[in-house]
2 protein chains.
Amino acid sequence: SDPPQADDRSSCPFSTDPERHPGLIFHNNKPCNAELPAELMLDAWLTPNPVWFIRHHHPVPIMDHDQYRLVVDGVGTKSVTLSLEDLKSRFLKREVVATLQCGGNRRSELDQIEKTSGIPWGFGAMSTAKWGGVYLREVLQHCAGLSHENVEAFEVKHIIFKGLDSMEASIPVQKALSPYGDVLLAYEMNGESLPKEHGAPVRIIVPGVVGVRNVKWVGKITASQEEAQGPWQRGIAYKGFSPNVKELTGIDIEKIPSMQDLPVQSAIVFPKAGSTVELDDIEVKGFAWSGGGRGIVRVDLSLDDGKTWITADLQDGKDQAYNRAWAWTFWEASVPVPDSLKGKDITILCRAVDSAYSTQPERPEPLWNLRGLNCNCWHRVSIRHQDD
Amino acid sequence: SDPPQADDRSSCPFSTDPERHPGLIFHNNKPCNAELPAELMLDAWLTPNPVWFIRHHHPVPIMDHDQYRLVVDGVGTKSVTLSLEDLKSRFLKREVVATLQCGGNRRSELDQIEKTSGIPWGFGAMSTAKWGGVYLREVLQHCAGLSHENVEAFEVKHIIFKGLDSMEASIPVQKALSPYGDVLLAYEMNGESLPKEHGAPVRIIVPGVVGVRNVKWVGKITASQEEAQGPWQRGIAYKGFSPNVKELTGIDIEKIPSMQDLPVQSAIVFPKAGSTVELDDIEVKGFAWSGGGRGIVRVDLSLDDGKTWITADLQDGKDQAYNRAWAWTFWEASVPVPDSLKGKDITILCRAVDSAYSTQPERPEPLWNLRGLNCNCWHRVSIRHQDD
Ligand SMILES: [Mo]
Ligand SMILES: [Mo]
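The structure presented is a predicted model; accordingly, all values stated were derived computationally and were not measured.

**Q** Explain the relation of the copies chain A and chain B residue by residue, including any values.
**A** For the pair chain A and chain B, the best superposition has an RMSD of 0.0 Å and corresponds to a rotation of 180° with a translation of 0.0 Å parallel to the axis. In the structure described here, the two chain copies are related by an operation that fits a two-fold rotation axis. Proximity to the rotation axis, assessed at the C-alpha, singles out Pro361(A) in chain A; its C-alpha lies 2.7 Å from the axis. Interface overlap between copies: 100% of the residues of chain A at the interface are likewise at the interface in chain B, consistent with a symmetric, same-surface contact.

Here it is in C-alpha cells:
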C-alpha cells in the first residue's frame, strides 16, 4: 500500500485527542498546550472543566476504564495492583480543592527581556477544581504497606508516578505521606468523572506543587530511594537557574533541585491590558495563590510603581485552612485615579503576600532564567484613563 | 519601713537575670534584648550558647528543676501534669538542629526609611542550635490523648504555650501534630542542659516559625479552638501591615493573621560594611535561611545592583532534608572586582532562593511596615576597594 500521507489523520498519534473548547488560547496542538483565557478566569472560583488549561507532553492515551490497572510497588512496599473499582470501593472518597499552575506560567513576560525556551504562556496556565478521589497516603500505607518505619528502614525518599503517556515524575515521600499533604489519586473533577483530557480514569493531584508532578493517566506508583528518571524530573525542564546562566556548559544539572512547591503568584485579570477605563475609581480584579499550602494574607495594588499602595479585598478562597490553602484567592479593589493621572496612560500593578510573608519580586529581570520558570514578579497592566 | 530606692537591686525584678557574654550587642537590659555580633556569627554552624541572641519580654524566671511541672490540657485532651524527669524518662529523646530568628531581625534597615516601632536589630537576632528534648506531638498524642480524631471532633485549631514569665503564644495544631513538623519540648541546647537564659528547664522549639512562638520556661500547653491571648499573638506586635498603614485607626487587627512561618532571608557577614579590601577577588561570606523548613537552593551575589550575578558555594547546612531544612546554610564566594570598580566604593549585595523558589525583595521600601517585621530585602554592604 501507499505510504501514509502527511494529512492522513489515522496515522497521526494525536488524531484521537479529545475535541477542545474553542475559547481556549492554543499555543500548540500536537501535543496540546492551551491556556485559560482571562475573560473566563474569574467567572467561577472552580474553573469549569472544558476551559481548564491543558499542558500535555504526548498524545492523550486511550484507556478502557474496565481494563485500567494501577500498580503500586517499590522499596518498602508489598506490590499491589488495583482496578478503578478497587480504588472507589476500598478507600474513603476524599475531596480537595486545589489550583494547578504550570511551572512556565507567565513565561512570555521573561521572553520580553531575553528569549527563554518553552511555551510562551500568559497568566492562564493555571486553573482550579474540586478533585474527588482517594488519599495517596491511604493507598500507600493501608494497602501497599509503606509505613513510616519502612520509609526510614529502606531510606525511601521519593514516590514516582508513571503516566500511561510515558510521563514520569516524582515527589518527596514526606509530601506523599503527610497527614496534611492531601495528595490524591483523583477520579473526579468538579463533581464529574475525570475527563480524558485531564487524566481519566485516574491522575495524581499534588496540591501546592508545580503542575508537571500532577501526573495524568497514572499507571504505576513506585516508592524509591531516587527521583524519577527523565527530562521532566532530572533534565533542565523544571530547574531554576540564576540569570547569569545563559548556556548549560559547565553547569552540573543534577545538583540543581527539581521544582516542587511553587512561590507566591498573583495577576490583574481586569481591566485588561490596553483597555480604556472611564470611571474615576477603577474596578480591579484578579487572583492570588501560593505553593506549599500557604494562604494569601494580603494583595496590594499600586498606580505609582510601588510608591504607595491600596490593599484589595480578599474574596473566594480567603478562608482556607492554615498551610492547606491549596486553591487560589480571588480579590478586587476600587482604585481611585489621582488627578495627576486623569486622562493619561496608567500602569496598575499588583503583588501578593503569602502566609510565610513571602513576597513577589518587583521586576522580571532579576528572576529571568534560561527555562523561563517561576515568573512571579509584580503583575503590571497598562491601560488608558479617559477623562470626561 | 522606707520605700525601696530606685537603685536597690533587690527590688528590681531583673536583678536575678543571668550574667551575660560581654561580646553580645545589647539593645536593652531590662528585659534583655541582645544580638549575636557579626564577628562571631560564622565561627560555628551551631552558635555557642553564651553568644546566642537573647530576646526577652520579662525578667528571667527562677525555677527549681525538681519543682518544675508542665501541665498539658485543653479541648480534646485528658489533662496531665509532667515533671522534668517524666519528660526525660517517658519519651524518646529527639534532636533537631534549628535556627531561630526574631520577627524583627534587620528592623534597623526599615528604620532608615521611616521609623518603625521595636528594637532596632541588625542581622544578628538569629542563631542556631542542636536542641535535645521530646517531640511535642508524642506528648500530645501518647500522653494527653490528643488524637487526629479528637482534633477534628473538637475543632482544635491551635496549641497554646504559656511561659512562667507570663509570655503566651500559639501555633496551628497541624504544625504541632505533623510527623514532619519536629516541634520539640527542649531541655538541652547544643549538648548542654538548657541554660536559664534560653528557657530552663523546658522550652518550646517550633522549627521554621518566628522566634516569639518558641516559648521559654513553658509551664502550660493547652489545646484550643482559639489562638493564644495577649499582645504577642493578637496585638500588633507580630502582624505584618502594608506600607500604606501609617497608623492603626480603622485597621481591624484581628483580621490580620499572626506571623508563623518566616520568609527567605540572607545576609553578607564578611566583608563588614565600611571595611577596605585590597585583593582583586573579594572573599564574601554569609548565611541564608528560610522558614517552613524550606531549604536554600541558591545564593547569588552582585556588585552592580542586580544587573549581573555570581552564584555562591553553599556549605554547612546545604544537605538538610526536604521541607525539614530548619537550620541556616552558610555560603561563600570569591567575587572578582571588575576593572571599572577597582579603587572605588563598591556595594555588594546578596539574595537567596528557597526550595519553593521564593525570593527576597529587591528593596526595603515596598516591604516597610509599621512594626518593622520581616525585613528580608537583598542585603547590601558598602566597602572600599583599595587599588595597588
Ligand atoms: Mo508545567
Ligand atoms: Mo521576636
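Here the narrative resumes, following the displayed structure.
**Q** Run through the interface of chain A and chain B, naming residues and quoting values.
**A** Taken residue by residue, the interface counts 42 residues in chain A and 42 residues in chain B. Contact with chain B buries area across many residues of chain A, yet Tyr180(A), Tyr322(A) and Tyr357(A) alone supply 20% of it, more than any other trio. In this assembly, chain A and chain B are joined by two salt bridges. At the boundary of chain A and chain B, one finds 14 residue pairs in polar contact (both at pLDDT 80 or more). Contributing elements (two or more residues each) for the side of chain A that touches chain B: α6 (173-177) and β17 (296-302) of chain A. Class assignment of the residues belonging to the side of chain A that touches chain B gives a composition of 20 nonpolar, 13 polar and nine charged.

**Q** Give me the lowdown on the sheet that holds strand β15 (residues 276-277) of chain B, citing residues and values where you can.
**A** All names here are of chain B. Pairing within the open sheet is mixed, and its five strands lie in the order β15-β22-β21-β17-β18. Single-partner strands in this sheet number two, and they are β15 and β18 (310-311). Judged from the two bridges that link them, strand β17 (residues 296-302) and β18 form a sheet pairing that is antiparallel. Residue pairing for β18: leucine 301 is matched across the bridge by isoleucine 310.

**Q** Can you break down the sheet that holds strand β19 (residues 313-314) of chain B residue by residue, with the values?
**A** All names here are of chain B. Sheet architecture is open: four strands sit in the order β14-β16-β20-β19, paired in antiparallel fashion. Two strands in the sheet have a free side with no partner beyond their single neighbour: β14 (265-270) and β19. With eight bridges joining them, strand β16 (residues 281-289) and strand β20 (residues 329-336) adopt antiparallel strand pairing. Residue pairing in the sheet places glutamate 283 in a bridge with serine 334 of β20.

**Q** Give a description of the pattern of salt bridges that names residues and reports values.
**A** With the rule as written, the count across this model stands at 43 salt bridges over all chains. In the salt-bridge network here, residues are joined through shared partners; they are Asp17(A), Arg20(A) and Glu197(A).

**Q** Which residues make up the nonpolar core, and what values do they have?
**A** Residues and elements named next belong to chain B. One finds Ile159, Phe161, Leu185 and Ile221 to be the most contacted residues of the largest nonpolar core, which totals 74 residues. Here the element with the most residues in this core is helix α4 (residues 136-143); it accounts for four residues. With residues near it in sequence (within four places) discarded, isoleucine 221 still touches Leu70, Val71, Val72, Asp73, Leu136, Leu140, Ile159, Ile160, Phe161, Leu185 and Ile204.

**Q** Lay out the packing of aromatic side chains in plain terms, naming residues and giving numbers.
**A** Two measures describe an aromatic ring pair: the distance that separates the ring centres and the angle between the ring planes. Following the criterion strictly, the structure yields twelve aromatic pairs over all chains and no others. Ring geometry for Trp328(B) against Phe330(B): centres 5.2 Å apart, planes inclined by 45°, an arrangement best described as tilted. With respect to burial, Trp328(B) and Phe330(B) carry one shared label: buried. An aromatic cluster is defined as three or more aromatic residues linked by ring pairs; in this entry it consists of Phe123(A), Phe287(A), Trp328(A) and Phe330(A). Here the guanidinium or amino end of Lys88(B) rests over the ring plane of Tyr187(B), the centre of that ring lying 5.1 Å away.

**Q** With reference to specific residues and values, describe unusual backbone geometry.
**A** Each neighbour pair has its own omega, and for Lys30(A) with Pro31(A) the value is 0°, a cis peptide bond. By the element assignment, Pro31(A) lies in the loop between β1 (25-29) and β2 (32-35). The omega torsion across Phe270(B) and Pro271(B) is -5°, close enough to zero to call that bond cis. Looking at the secondary structure, you find Pro271(B) in the loop between β14 and β15. Not every positive phi belongs to a glycine, and Asn323(A) is a case in point at roughly 60°. Relative to the helices and strands, Asn323(A) is located in the loop between β19 (313-314) and β20 (329-336). Phi at Trp217(B) is positive, roughly 45°, even though this residue is not glycine. Mapping Trp217(B) onto the fold places it in the loop between β12 (203-205) and β13 (218-224).

Each value, and the rule that gives it
Residues numbered from 1 in each chain as written. Chains lettered and ligands numbered in written order. Predicted model: local features only at pLDDT ≥ 70, side-chain atom pairs only at ≥ 80, totals over all residues. Heavy atoms only, no water. Least-squares fit on C-alpha atoms with pLDDT ≥ 70 in both. Contact = heavy atoms within 4.5 Å. Buried area = accessible area lost by both parts, 1.4 Å probe. Salt bridge = Lys/Arg side-chain N within 4 Å of Asp/Glu carboxyl O. Polar contact = N/O pair within 3.5 Å; in protein donor to acceptor, adjacent residues only side chain to side chain. Helix = DSSP H or I, 4+ residues; strand = E, 2+ residues; numbered from the N terminus. Nonpolar A, V, L, I, M, F, W, Y, C, P; charged D, E, K, R; others polar. Pairing = 2+ DSSP bridges. Core = buried A, V, L, I, M, F, W, Y, C linked by side-chain atoms within 4.5 Å. Buried < 20%, exposed > 50% of the residue type's maximum accessible area, 1.4 Å probe, protein only. Phe/Tyr/Trp six-rings, centres within 6.5 Å; stacked < 30°, edge-to-face > 60°. Lys NZ or Arg CZ within 6 Å of the ring centre and 35° of its normal.

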